[in-house]
Amino acid sequence: MHLSSELLQKRGNNPRSQENKQDEEVWVPDRRENETRANMGSKTWADLAAEMKIFLWNPEEKTCLGRTAKSWGLILLFYFVFYTCLAGMFAFCMYVMLLTLSPYTPTYRDRVSPPGVMIRPYLNGFTIAFNVSQPNTWQPYVDSMHHFLAAYDDKVQEEKNIECISGKYFIQGGNESEEKKACQFKRSLLQNCSGIEDPTFGYSKGQPCILLKMNRIIGYRPGAGVPVRVDCKVQKGNESDLRAVDFYPGNGTFDLMYYPYYGKFTHVNYTSPLVAMHFTDVKRNNLVPIQCSLNGKGIINDLNSDRFLGRIIFTLSIGK
């Protein structure tokens with residue numbers, strides 16, 4: 001007994017026996033991994049297809065994708081209730097927010113910029129180019145002008161709108177939902193640029209008319225009691241390229257009686273006032289960049305980051 005215990009003790013202290021144990025400990029996991037791989041590799045495509053078929057529908061356990069009909073019903077019911085509550089909360093928040101807004105007047109107008117401007121005709125950008133001797137080059141501009149001024153026909157204005165007192169704002173009280181009256185702006189006020197006496201608006205003579213209008217801003221009163229005036233000049237280049245411009249109506253001003261504007265829901269028949277610019281003497285066969293600006297109290301027309309704020313820049317090219 002004493003001898004056997006010594007042998008066991010020596011064998012335990014033998015480094016080779018320790019290495020064999022480590023080899024066995026390392027080798028056992030590798031063997032198990034190989035056996036697992038062998039078992040997986042032994043499955044055929046038919047076996048995999050059968051397992052997938054059982055996963056999709058198990059006739060014994062009555063499960064689809066691992067869930068019973070009751071389980072599917074409960075999870076679908078949960079998501080239905082969850083998303084219904086979520087949609088209800090969103091709709092309620094939108095409803096409360098809309099209660100604070102007026103469909104007639106913007107709630108916040110403290111950061112509204114002065115109005116921008118736009119021109120007509122506007123076909124292919126801000127370059128108006130044509131040859132006087134070729135009617136097909138200027139006829140599209142003429143057609144665009146007639147189409148735009150159709151709403152300004154004298155008969156249409158007399159039927160829909162009223163005559164107002166010139167020189168002062170047309171302020172209308174009452175409930176904000178009441179329909180507001182609009183002042184007449186007849187195209188005959190544009191005189192030589194009305195298209196009545198000259199149906200070509202001067203394009204057939206190389207003296208084109210261009211209309212300018214301010215963008216609408218609800219409640220805005222331009223000029224602080226003094227009509228806003230329009231002037232035009234050559235933006236860059238020789239100032240003599242633009243020798244004469246006539247303005248209609250008056251001296252190229254926007255009458256105060258057309259302001260303030262009350263919005264499209266109540267100011268239904270409102271037509272924006274216009275200023276016509278008749279370029280009677282422009283250098284021919286040359287690109288002439290022109291800047292037309294609004295001038296009046298509270299008007300900004302020198303902001304480089306916005307070429308439409310209080311001004312507009314376009315190019316005239318009139319050929320023979």
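Criteria and cut-off values
- Residues numbered from 1 in each chain as written.
- Predicted model: local features only at pLDDT ≥ 70, side-chain atom pairs only at ≥ 80, totals over all residues.
- Heavy atoms only, no water.
- pLDDT = per-residue confidence, 0-100.
- Contact = heavy atoms within 4.5 Å.
- Buried < 20%, exposed > 50% of the residue type's maximum accessible area, 1.4 Å probe, protein only.
- Helix = DSSP H or I, 4+ residues; strand = E, 2+ residues; numbered from the N terminus.
- Pairing = 2+ DSSP bridges.
- Axes fitted to C-alpha atoms, helices over the stretch in contact; angles between N-to-C directions.
- Salt bridge = Lys/Arg side-chain N within 4 Å of Asp/Glu carboxyl O.
- Core = buried A, V, L, I, M, F, W, Y, C linked by side-chain atoms within 4.5 Å.
- Disulfide = S-S within 2.5 Å.

A closer look at the confidence of the model for the protein
Consideration 1: Per-residue pLDDT for the protein averages 85, and the proportion of residues at 70 or more is 86%.
Consideration 2: The model gives residues 1-12 a pLDDT under 50, and that stretch makes three contacts with residues more than four places away or in other chains.
Consideration 3: For residues 15-29, every residue scores under 50 in pLDDT, and the model assigns this stretch three contacts once sequence neighbours within four places are set aside.

What about the pairing of strand β9 (residues 275-282)?
Consideration 1: Among the eight residues of β9, six are classified as buried, and the element is accordingly described as predominantly covered.
Consideration 2: Bridge analysis of strand β5 (residues 209-214) against β9 gives four bridges, and the strand direction is antiparallel. Across the sheet, residue Leu212 finds its bridge partner in β9, namely Val275.
Consideration 3: Here strand β7 (residues 242-248) runs beside β9; their pairing, made up of six bridges, is antiparallel. Pairing of Phe247 across the sheet is with Met277, part of β9.

Observations regarding the sheet that holds β5
What links the strands of a sheet is backbone hydrogen bonding, and the strands pair in either a parallel or an antiparallel sense.
Consideration 1: Read across the sheet, four strands follow the order β3-β5-β9-β7 without closing on themselves; strand pairing throughout is antiparallel. Both outer strands of the open sheet, β3 (117-120) and β7, are each paired with one neighbouring strand and no more. On average, each strand axis in the sheet is tilted by 30° relative to the strand beside it, whichever way the strands run.
Consideration 2: Pairing analysis gives four bridges linking β3 to β5, with the strands arranged antiparallel. Among the inter-strand pairings, Val117 is bridged to a residue of β5, identified as Met214.

Some thoughts on the pattern of salt bridges
Consideration 1: Within this structure, the stated rule accounts for four salt bridges.
Consideration 2: Of the charged contacts, one joins Glu158 and Lys186 as a salt bridge, the two residues approaching to 3.0 Å between their closest N and O atoms. Within this pair, whereas Glu158 is found in helix α6 (residues 154-160), its partner Lys186 is found in the loop between α6 and β5, the two being separated by 28 residues in sequence.
Consideration 3: Residue Arg229 is joined to Asp231 by a salt bridge in which the shortest nitrogen-to-oxygen separation is 3.9 Å.
Consideration 4: Among the residues examined, Arg229 registers a relative accessible area of 39% and is labelled partly exposed.

With respect to the nonpolar core
Consideration 1: In terms of nonpolar packing, the biggest core is built from 56 residues, with Met277, Phe279 and Phe314 touching the most fellow members.
Consideration 2: Excluding its chain neighbours within four sequence positions, the residues that come into contact with Phe279 are Gly206, Gln207, Pro208, Ile210, Cys232, Leu242, Ala244, Val245, Ile290, Cys292, Phe314 and Leu316.

Quick look at the state of the cysteines
Consideration 1: Within the structure shown, the criterion is met by three disulfides.
Consideration 2: At a sulfur-sulfur separation of 2.0 Å, the disulfide partner of Cys164 is Cys183. Looking down the S-S bond of the Cys164 and Cys183 bridge, the torsion is -100°, so its handedness is left-handed. On the criterion of sequence distance, the pair formed by Cys164 in the loop between α6 and β5 and Cys183 in the loop between α6 and β5 is long-range, its members being 19 residues apart.
Consideration 3: Residue classification places Cys164 among the partly exposed residues on the basis of a relative accessible area of 22%.

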